[in-house]
Amino acid sequence: MSDDKELGEDVLAVLLPLLDACTALRAGEPTRLRHRDGGLRVVLDVQLAAPSPVTAERVDVNRSSSEQSRNGGAPARRQRRRLELPPGG
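Bear in mind the structure is a predicted one, so any value in this text is a computation, not a measurement. (Residues numbered from 1 in each chain as written. Predicted model: local features only at pLDDT ≥ 70, side-chain atom pairs only at ≥ 80, totals over all residues. Heavy atoms only, no water.)

## Quick notes on the overall build of the protein
Point 1. Tallying secondary structure elements over the protein gives one helix and four strands in all.
Point 2. The N-to-C order of helical and strand elements in the protein reads α-β-β-β-β.
Point 3. Here the protein, with 89 residues, has 8% of them falling under the buried criterion.
Point 4. Across the protein, contacts joining residues at least 24 apart in sequence account for 39% of those joining residues at least 6 apart.
Point 5. Looking at the protein as shown, the accessible area adds up to about 8900 Å², and 50% of this sits on carbon and sulfur atoms. (Helix = DSSP H or I, 4+ residues; strand = E, 2+ residues; numbered from the N terminus. Buried < 20%, exposed > 50% of the residue type's maximum accessible area, 1.4 Å probe, protein only. Contact = heavy atoms within 4.5 Å. Areas by Shrake-Rupley, 256 points an atom, 1.4 Å probe, with all protein chains shown as cover.)

Here's what the structure looks like:
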């Protein structure tokens, strides 16, 4: 990351919360590597996150009893009556 260990730690302090907040990515724990000159090297396992399942709840709207069919379901669709031309026209 950096030859300056303090700068590397500052960058890491900003980067890790951003990775945790990202729902599209999944990041593992950082592994700090030894650096001869005292800098900071970090390895992260970053992968695409699996899509989260989507759930939905059905909300029934109370309908008047005249609109409900005999079996308690939704009313049947009404068919439109087609208008015809008068004879001879």
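## Some thoughts on the side chain of Ser2
Point 1. The residue Ser2 is located in the segment before helix 1 (5-21) in this model.
Point 2. Taking the relative accessible area as the measure of exposure, Ser2 reaches 13% and is therefore buried.
Point 3. Only 2.9 Å separates the side chain of Ser2 from the backbone nitrogen of Asp4, close enough to count as a polar contact. (Polar contact = N/O pair within 3.5 Å; in protein donor to acceptor, adjacent residues only side chain to side chain.)

## A word on helix 1
Point 1. Taking 1.5 Å per residue as the helical rise, helix 1 with its 17 residues ought to reach 24 Å, and the 25 Å between its terminal C-alpha atoms agrees with that figure.
Point 2. All of the buried residues in helix 1 are Gly8, Leu12 and Leu19. (Expected span 1.5 Å × (residues − 1).)

## Quick word on the environment of Thr23
Point 1. Mapped onto the elements, Thr23 comes out in the loop between helix 1 and strand 1 (25-27).
Point 2. Taking the relative accessible area as the measure of exposure, Thr23 reaches 73% and is therefore exposed.
Point 3. Separated by 28 residues in the primary sequence, Thr23 and Pro51 have C-alpha atoms spaced 8.9 Å apart.

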